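Coordinate analysis (summary)
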Amino acid sequence: MTPIQITYPNMMVILPEVVLSCWVFFMMMADLFIPKEKKEINAVLGLIGLAVTAVSVFMVLSYGDISSFNDSMRSDRFALFFKLLFIITAALAILISAKYIAIEGVNWGEYYSILLFSVVGMMVLVSATDLVTVYLGMEFMALSIYVLTGFIRHDVRSNEAALKYFLLGAFSSGLILYGMVLLYGVTGSTNVYKIANFLAANDNYSNPLMIASVILLISGFAFKIAAVPFHMWAPDAYEGAPTSITAFMSVGPKAASFAALLRVFLVALPVMKPHWVAIFWGVSAISMVVGNVVAVAQTNIKRMLAYSGIGHAGYILMGVIAGTRMGVASVLLYMLVYIFMSIGAFSVIILLRKTGVKGDEIKDFSGFARRYPSLGLCMLIFLISLIGLPPTAGFIGKLYLFAAAVEAEYYYLAVIGVLMSVVSLFYYMQVAKTMYIDEEIEGQELVPSRALTFVVYFCAAATLLIGMFPDGFISAAMAAVLPI
Amino acid sequence: MELLLFYIFGGVAVLASLGLVTGKNPVHSALFMVVVFFVIAALFVLLGAEFLAAAQILVYAGAIMVLFLFVIMLLRLQPEELRNTSRHAFQKFFGIVLSLVLMAQIALIVRGGFFKGAKGNYTPEVVSGFGGNTEAVAAVLFTDYLFPFELTSLILLMAMVGAVVLTKKELK
Amino acid sequence: MTEFIIIMLVKMFVIFGAVMLTMTYITLAERKILGYMQIRPGPNRVGPWGLLQPIADGIKLFLKEDIIPDKASKVVFVIAPAMALIPAVMTLAVIPFGPAVTIMGRQVDVYMADVNIGILYIFAVSSIGVYGIVLAGWSSESKYSLLGGLRSSAQMISYELSMGFALVGVIMMSQSLSMVKIIEAQKGVWFIVPQFFGFIIYITAAIAELNRTPFDLPEGESELVAGYFTEYSSMKYAMFMLGEYINIISVSGIVTTLYLGGWSGPILPPLAWFMIKLLAVVFFMIWVRATYPRFRYDQLMTFGWKVLLPASIANILLTPVFMKIFGYL
């Protein structure tokens with residue numbers, strides 16, 4: 001028997017993942033020694049871990065494009081850009097969680113460990129250049145989020161949300177896996193570059209297996225980004241999950257799934273582009289329409305934001321459909337922008353949550369801005385940004401998405417996008433109206449949490465900053481574009 | 001000989017799967033599933049993959065399905081409670097039609113010879129060069145697929161912590 | 001081809017017959033030894049020293065009325081004893097009783113097959129054994145049976161892990177999964193010496209897997225009447241007993257092979273050495289049964305997960321260190 005030759009892999013490729021995983025191990029151990037009353041220490045530990053990970057991301061940045069592990073992981077600027085986004089997202093999520101989970105009575109240390117584990121999953125997902133690692137990263141991320149969705153064990157809504165999300169998520173993983181298997185069957189490889197080379201060298205354009213595989217992959221990914229017709233889980237999961245997790249999963253997993261989607265479709269399957277563009281076109285258009293129109297009818301603000309998130313997935317898909325450098329850059333930029341406006345809006349909702357009061361109905365916001373003018377203004381900024389009006393970041397993000405679509409000559413899609421933004425004006429302004437015009441109501445005292453108010457102000461500031469001085473962020477997104 | 005065995009095992013697999021989905025009693029369905037795992041293991045043996053066959057039985061038939069049975073028994077699901085599925089008649093019909101369509105598609109694809117991808121490297125000669133199936137699996141697992149292998153252990157750790165958090169009776 | 005099939009068939013009958021014979025007398029030995037250990041004579045009415053007792057027992061079980069409870073799930077109730085017996089018999093196929101012998105000018109191995117995944121095969125097959133018990137418990141529609149079945153499946157799943165991990169040490173040292181190769185690897189020193197902790201863990205877990213005292217909670221008669229086979233009678237009951245005792249033989253055979261050097265030994269022929277070692281292990285198990293009281297259920301679970309499992313993992317970690325120090329690597 002010959003001993004197995006193990007070549008030492010280039011660990012720099014997965015340095016951020018390794019650093020963060022080790023930190024999570026440490027946190028799990030440390031949690032055992034932290035008394036019940038001081039679980040906030042876990043949040044601080046989590047933030048430190050994220051900071052260390054951020055440093056490691058910048059360290060890896062100087063190495064340029066590197067790949068390792070039989071070319072199944074790649075660390076390029078595209079991946080590192082997303083990794084930084086996840087670190088920001090997770091940091092904001094931890095800040096808004098500390099007080100909130102104490103109110104919900106689920107103040108356990110595992111919350112932070114699992115949250116950070118899902119970040120590890122996302123990091124793997126954006127670096128993955130092999131279908132096997134793509135799948136594993138996706139499962140890692142998704143499993144953590146399922147657990148976090150059901151984290152309020154004593155709340156039936158949370159349980160229901162987790163179960164629905166889990167069952168449908170498992171189903172969609174099956175679809176993706178099936179698509180991957182067919183892809184492997186045709187090309188004989190799971191590596192995205194090898195698949196691309198094989199498809200470029202052999203004509204498989206009208207191979208029914210390839211078409212089936214593309215359809216299955218799109219179905220699975222559409223589920224992960226909550227695009228119509230695979231969006232049914234989103235409102236229930238968003239409503240039932242702890243609000244801090246809703247904020248997190250409206251951004252993080254969505255961004256990670258978009259990154260993987262870009263890598264799989266633009267790198268591995270450019271040959272099949274006419275096929276998948278046709279399907280994505282429909283998905284994008286119908287997502288924008290359904291998401292924005294159904295959102296109008298919602299009375300629960302978490303559900304409303306869930307539908308608006310479905311609409312946003314439709315907008316972002318425009319960048320994927322364009323498939324140009326400009327298109328990819330606009331996706332990256334929009335994900336960055338979306339973090340601040342979405343987490344900002346959700347953290348205002350959390351501000352209203354206190355023992356005995358849910359505070360996630362739109363009517364709970366009655367007179368909110370009159371009682372708390374500065375926080376009300378922040379919420380208004382988030383709403384304006386979600387609509388996509390200047391001078392906020394949402395405007396810049398949408399401008400680039402629409403521009404990318406127009407540049408790639410998808411005029412109808414851009415028109416639908418603009419029209420649906422007008423529809424969204426209606427329901428976002430409904431919230432603004434409730435805040436500014438309706439009578440103040442009883443029991444609107446806020447939870448005193450400096451971390452939470454800091455996040456609200458920080459997100460508002462970031463939204464305005466990107467909206468008014470976008471140049472730096474745009475060039476960062478352009479620099480991080482995949483080599484296509 | 002091999003072909004004959006393949007048809008026998010394949011036939012049993014198909015019949016057992018049918019029993020699995022049509023069975024009224026959840027315990028019977030679970031047992032049919034065990035049968036399916038067994039014949040799949042037998043098919044692995046036919047392909048010369050003894051290690052996978054043993055792992056298949058050990059993991060799926062020996063561990064996972066036992067836990068399934070365990071849960072079914074603890075819930076004491078009686079057939080009567082599950083029979084109230086008349087409102088799913090439409091879904092049932094739709095499901096049968098769709099699976100027939102899917103089967104026709106797969107048959108067409110296989111018949112049509114669309115699998116024209118590169119053949120894999122692991123011929124019987126290559127595998128025996130490693131010193132056997134087990135060694136070949138190990139060699140691939142610890143070189144090419146090292147990262148997915150390690151990542152899986154992280155996923156399992158996360159899933160374990162998550163399951164404990166969600167179900168443990170009292171948390172400190 | 002035909003020659004191969006004939007040889008295999010003959011071997012099958014010989015091994016199966018020999019095992020059945022050994023097994024019947026192990027039941028007697030167990031009762032006798034238990035008797036002497038408790039200072040009482042044990043069975044001594046049928047034949048000299050009770051030597052015909054197992055045969056009388058067999059006839060009795062054959063002739064008894066076969067009862068299937070009215071509410072039982074009939075098919076499963078009938079299949080369950082077979083599902084308990086078959087894996088037990090299947091394990092025998094890979095146990096190497098002796099090296100090749102020459103019979104009528106042919107080289108014949110005294111074992112059914114030397115598969116290159118021998119240990120894994122044993123594991124896979126024995127993990128199936130739990131189905132018979134679980135299903136017997138479930139199909140009887142009796143609360144004692146169900147509780148017994150549940151207990152035993154929980155117990156078997158818990159202890160299977162430590163059992164498997166204990167064997168990893170042996171696999172590491174022999175660099176093979178094949179039973180014959182493992183015996184060859186013990187030419188110098190039996191693995192019971194370098195793998196002493198592994199041996200202790202394995203035999204503890206194996207006794208638990210066999211549902212024998214002190215781990216015989218699934219059939220703890222003071223709580224559960226007779227556990228999962230409360231409702232069984234006649235031949236079906238006998239099949240459970242058969243399965244149990246064949247399992248004892250195969251576990252002893254595995255211990256002999258993996259830790260006690262298998263058939264190797266001076267002067268005496270290999271087959272005799274194998275039998276001696278095997279019976280010694282069987283005697284050890286009976287001795288344990290006579291010595292220890294039964295665990296409480298939570299103690300059993302705690303012991304399995306919090307003592308045995310970490311210990312077996314520690315064994316895996318320590319084995320390479322040991323191998324490095326003593327120059328195995």
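The structure we're discussing is the one just above.
Residues numbered from 1 in each chain as written. Chains lettered and ligands numbered in written order. Predicted model: local features only at pLDDT ≥ 70, side-chain atom pairs only at ≥ 80, totals over all residues.

So, on to the overall build of chain C. When helices and strands are tallied, chain C shows 11 helices and two strands. What you see in chain C, going N to C, is helices and strands ordered as α-α-α-β-β-α-α-α-α-α-α-α-α. Residue burial in chain C is summarised as follows: out of 329 residues, 45% are buried. (Helix = DSSP H or I, 4+ residues; strand = E, 2+ residues; numbered from the N terminus. Buried ≥ 20, exposed ≤ 12 C-beta atoms within 10 Å, placed from the backbone.)

All right, on to the overall build of chain A then. When you go through chain A residue by residue, the secondary structure sums to 20 helices and two strands. Against the globule reference of 23 Å for 484 residues, chain A gives a C-alpha radius of gyration of 22 Å, in line with a compact fold. With respect to the principal axes defined by its C-alpha atoms, chain A has extents near 70 × 55 × 40 Å. Across the 484 residues that make up chain A, the buried fraction comes to 59%. A separation threshold of at least 6 residues defines the contact pool for chain A, and within that pool the share at least 24 residues apart is 81%. (Rg over C-alpha atoms; globule rule 2.2 N^0.38 Å. Contact = placed C-beta atoms within 7 Å.)

The subject of this paragraph is the interface of chain A and chain B. Residue-level contacts link 34 residues of chain A with 30 residues of chain B. Listing elements by their share of the side of chain A that touches chain B, those giving two or more residues are helix H4 (110–127), helix H5 (131–149), helix H6 (156–187) and helix H8 (208–224) of chain A. In terms of residue count, H5(A) provides more of the side of chain A that touches chain B than any other element does, eight residues in total. Classifying every residue of the side of chain A that touches chain B by side-chain character gives 19 nonpolar, 11 polar and four charged. (Nonpolar A, V, L, I, M, F, W, Y, C, P; charged D, E, K, R; others polar.)

Our focus in this paragraph is the nonpolar core. Formed by 198 residues in total, the largest nonpolar core has its most connected members in Leu115(A), Leu125(A) and Met318(A). The greatest single-element share of this core, amounting to 21 residues, is contributed by helix H14 (residues 325–352) of chain A. Beyond its immediate stretch of four places on either side in the chain, Leu125(A) contacts Val134(A), Gly137(A), Met138(A), Met141(A), Ala256(A), Ala259(A) and Ala260(A). Leu150(C), Ala206(C), Leu242(C) and Leu278(C) belong to the second largest nonpolar core, which has 107 residues in total. (Core = buried A, V, L, I, M, F, W, Y, C linked by C-beta atoms within 7 Å.)

Residues and elements named next belong to chain A. With respect to the element layout, glycine 467 can be found in helix H19 (residues 450–468). The exposure class assigned to glycine 467 is buried, which follows from the 22 C-beta atoms found within 10 Å. Apart from residues no more than four positions distant in its own chain, glycine 467 is found in contact with Pro390, Pro391, Thr392, Ala393, Phe395 and Ile396.

In this section: the environment of Tyr146(A). Along the chain, Tyr146(A) falls in helix H5. Setting aside residues up to four positions removed in sequence, Tyr146(A) forms contacts with Ala162(A), Tyr165(A), Phe166(A) and Gly169(A).

This part takes up unusual backbone geometry. Note: most residues except glycine have negative phi, and most peptide bonds are trans. Residues and elements named next belong to chain A. Cis peptide bonds are those with omega within 30 degrees of zero, and the linkage from valine 228 to proline 229 qualifies with 5 degrees. Tracing the chain through its elements places proline 229 in the loop between H8 and helix H9 (233–240). Of note in the backbone geometry, asparagine 70 takes a positive phi value of approximately 60 degrees without being a glycine.

Residues and elements named next belong to chain A. Most of H9 is tucked away: eight of the eight residues are buried. All of the buried residues in H9 are Trp233, Ala234, Pro235, Asp236, Ala237, Tyr238, Glu239 and Gly240. Looking at the buried residues of H9, the elements they touch are H5, H6, helix H10 (243–249) and helix H13 (301–322).

Further remarks concern the packing of helix H1 (residues 15–32) of chain A against H4(A). Residue and element names in this part refer to chain A. Close contact between H1 and H4 brings their axes to 10 Å; oriented N to C, the two are set at 165 degrees. One element, H1, and the other, H4, form an angle in the roughly antiparallel class. By crossing handedness, the relation of H1 to H4 is classed as left-handed. Contacts between H1 and H4 pair Pro16, Glu17, Leu20, Ser21, Val24, Met27 and Met28 from the former with Tyr112, Ser113, Leu116, Phe117, Val119, Val120, Met123 and Val124 from the latter. Class assignment of the residues belonging to the contact of H1 with H4 gives a composition of 12 nonpolar, two polar and one charged. (Axes fitted to C-alpha atoms, helices over the stretch in contact; angles between N-to-C directions. Parallel < 35°, antiparallel > 145°, perpendicular 65-115°, else oblique. Left-handed = near helix turned anticlockwise from the far one by under 90°.)

Looking now at the environment of Ser75(A). Residue and element names in this part refer to chain A. Relative to the helices and strands, serine 75 resides in strand E2 (residues 73–75). Classification of serine 75 as buried rests on a count of 28 C-beta atoms within 10 Å. For the pair serine 75 and valine 124, spaced 49 residues apart in sequence, the C-alpha separation works out to 9.9 Å. Not counting the four nearest positions on each side in its chain, serine 75 is found in contact with Met12, Val13, Val60, Ile66, Leu80 and Ser127.

Right, let's get into the packing of helix H11 (residues 252–268) of chain A against H14(A). Residue and element names in this part refer to chain A. Following both chains from N to C, one finds H11 and H14 inclined at 170 degrees, their axes separated by 11 Å at the closest point. As judged from the angle between their axes, H11 and H14 are roughly antiparallel. On the side of H11, the interface is formed by Ala255, Phe258 and Leu262, while H14 contributes Val328, Val331 and Met335. Residues that form the contact of H11 with H14 fall into these classes: six nonpolar, no polar and no charged.

All right, on to H6(A) then. When the terminal C-alpha atoms of H6(A) are compared, their 46 Å separation across 32 residues agrees well with the 46 Å that a helix rising 1.5 Å per residue should span. Looking one or two residues beyond H6(A), the residue adopting positive phi is Gly188(A), at roughly 75 degrees. (Expected span 1.5 Å × (residues − 1).)

None of the figures reported here should be taken as evidence of function without further support.
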